[in-house]
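What follows is the residue order along each chain.
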Amino acid sequence: MNPEVPVLWATAIATLGVYTILYRENPISRLFEHIFVGLAAGYLILVTWTQNLEAKWWAPMVHQGRWQWIFAPVIGLLFYFIYSRRLLWMARLVMGLTFGTAAGYTFRQFFPINAPQITASFKPLRPDLVPPSAGEALHPLRVLDAWGYVILHNWVFAIILFTVLSYFFFSVPHEGRFGRVLGRSSMAGRWFLMIAFGAMFGNTVMARLSLFIGRMQFLLFDWLGHYVTWFGGRG
Amino acid sequence: MAQAPATGSWDYLQRMPRYVIYLLLAGVVLWQLLAPIRFPIVPSSTTRDVYKAIRAAPENKLIIISVDWDASTQAETGPQTAAVIRACFESGKRFALMNWTAPMGAKLANDIARPIAEQYHAEYGRDWCNWGFKSGGANVLMAMVKNIPETMGNDVRGKRVTSLPMMKGVRDIKDIGLVVEVTGLAGVTETWIGLVQGPYQTPLTAAYTAVMAPGYYAYTDSGQLKGMLVGVKGAAEMEVLERKPGLGSAIMSAQSWGHILILALIILGNTGYLLARGRARRERA
């Protein structure tokens, strides 16, 4: 028997088993869900050993005489003192170390991530400040010329930026002349946010549909296609 | 979940049973997979930028394809990975697959890379390699920028990465010409930007699942990302640029018709709501 066949059948049964959830909550879909989670966890342990610990910890310690690596798991095991009231302080040592490292990483990453975002928000709004070639990459359909596209892009960007920021500005009541302007701007910002959330929802639909199509492709072309030549090859 | 029975035709449009929607969607997808009616695929500017970034990567430097995805997003990230790998082979760029968040990614991407490498007569270790999954999260990137061979240790085949011919002369992040991040996980790109792209100016480009892509347009606008692929649509667009229709293009017709069905159902549901409301008003009057 072709060694591929049992794999195909197992995958097909698992796929159909998980999709039984569409009918209603049932033990079959739960079973396959648990199998999937269990397999993923087991695979993580295996891969962590074969591709990380064995090469970087076990082999140097056992075969290259770097005996000091024995202390690495001892430090890791200190986490388990969280279950002891008397020795909890030992768990706190490694937790503090972990949180400190995470805080350090976050601090280190903050400026490289956010500073360019702030500087990129300063876009030219006057036509004479925009080089005519600036928007060539932005208009694959060539509806507008590059220059017009950049002007439109930058103005739309600036208006949305200010109105959305005003939506999150809660320090001034929407009363009086300034308050009323702020209120209108805030309302526009809310609409822009809704449009953005709509675009995100559309993308979510696309993502979920892709996953479904991927499974259907497998069932049709890989599983059934293995037996029925009419379905042909995948893709 | 029990649903209230539909009482009239307008009500039915609003309360269409879920199984009818599922069956309609499955029918449309099946129809399009078996007899596709294709729409033209126009590559977006973000996809073009990814393609350009791969072609512009220096020949003497390595491209890293960070495959931080697993089976749950394979339908999108799989075709994206395939399209990126093909672009690398087409332009004669050497690349290394790596993974530091989702352990299955290295194996799944390996299964994608092998047949494509055979098509291009590319040799493992000379034209491409797979560093495998490295645990440690952000520490992996921090260590990698200073010492790639020491951080990566062994590849997926259990060989020291230093024994691979293509790794000769590859020491640190300065020997990397481009990083392509393929992921369905939020936060991964930020770590690349914060620890690699920002401090070392290593060009970074990405491929995302469609659901997370909208949040990353700001990074393409600021130039931190040199383009990005959006879901399976991005993969299909790359295939158009490569002139090699593959998995992405095959999915797109089913995708487009599925969207048309969903739009039609939204319009029908809203029409039902408006008409039912009008009828209720007339009855009250």
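Nothing here was measured: the structure is a model prediction, and the numbers come from that model.

1. Focus on the overall build of chain B
Tallying secondary structure elements over chain B gives 11 helices and 6 strands in all. Counting the 285 residues in chain B, one finds 48% classified as buried. For chain B, the share of sequence-separated contacts (at least 6 apart) that also reach a separation of at least 24 residues comes to 72%.

2. Quick word on the domain arrangement of chain B
Here chain B is described as being made up of domain 1 (9–31 + 250–284) and domain 2 (45–245). The C-alpha centroid of domain 2 of chain B is placed 40 Å from the C-alpha centroid of domain 1 of chain B.

3. Quick word on the sheet that holds strand S3 (residues 128–133) of chain B
One key point about sheets: their strands pair by backbone hydrogen bonds, in either a parallel or an antiparallel sense. Residues and elements named next belong to chain B. With parallel pairing, 6 strands are arranged side by side in an open sheet as S3-S2-S1-S4-S5-S6. Of all the strands in the sheet, just S3 and strand S6 (228–230) have a single pairing partner and so form its edges. Sheet twist, expressed as the mean angle between neighbouring strand axes with direction ignored, is 15 degrees. Two elements, strand S1 (residues 62–68) and strand S4 (residues 176–183), share 7 bridges in a ladder whose sense is parallel.

4. Side note on unusual backbone geometry
Residue and element names in this part refer to chain B. For His121, which is not a glycine, the phi torsion comes out positive at approximately 50 degrees. Here His121 is to be found in the loop between helix H5 (104–119) and S3. Even without a glycine there, the phi angle at Gln201 is positive, about 60 degrees. The residue Gln201 is located in the loop between helix H8 (188–200) and strand S5 (204–208) in this model.

5. Some details on the interface of chain A and chain B
Taken together, the contacts link 39 residues of chain A with 50 residues of chain B. Counting only elements with at least two residues in the side of chain A that touches chain B, the list comes to helix H2 (27–63), helix H4 (88–120) and helix H6 (176–223) of chain A.

6. Details of helix H2 (residues 18–34) of chain B
The α-helix winds at 3.6 residues per turn, so residues separated by three or four positions along the chain end up facing the same way. In a regular helix each residue adds 1.5 Å, so 17 residues correspond to 24 Å; H2 of chain B covers 24 Å between its end C-alpha atoms and thus fits that length. For H2 of chain B, the elements touching its buried residues are H6 of chain A together with helix H11 (247–284) of chain B.

7. With respect to helix H4 (residues 74–90) of chain B
All names here are of chain B. Taking 1.5 Å of rise per residue, 17 residues should cover 24 Å, and H4 covers 23 Å from first to last C-alpha, within 8% of that figure. Most of H4 is tucked away: 16 of the 17 residues are buried. A positive phi of about 70 degrees marks Gly92, the residue just after H4.

8. Focus: the environment of Ile262 of chain B
Residues and elements named next belong to chain B. By the element assignment, Ile262 lies in helix H11. Overall, Ile262 belongs to the partly exposed group, with 18 C-beta atoms counted inside 10 Å. Spatially, the C-alpha atom of Ile262 lies 9.7 Å from that of Leu24, the residues being 238 residues apart in sequence.

What counts and how
- Residues numbered from 1 in each chain as written.
- Chains lettered and ligands numbered in written order.
- Predicted model: local features only at pLDDT ≥ 70, side-chain atom pairs only at ≥ 80, totals over all residues.
- Helix = DSSP H or I, 4+ residues; strand = E, 2+ residues; numbered from the N terminus.
- Buried ≥ 20, exposed ≤ 12 C-beta atoms within 10 Å, placed from the backbone.
- Contact = placed C-beta atoms within 7 Å.
- Domains from an automatic or database assignment.
- Pairing = 2+ DSSP bridges.
- Axes fitted to C-alpha atoms, helices over the stretch in contact; angles between N-to-C directions.
- Expected span 1.5 Å × (residues − 1).

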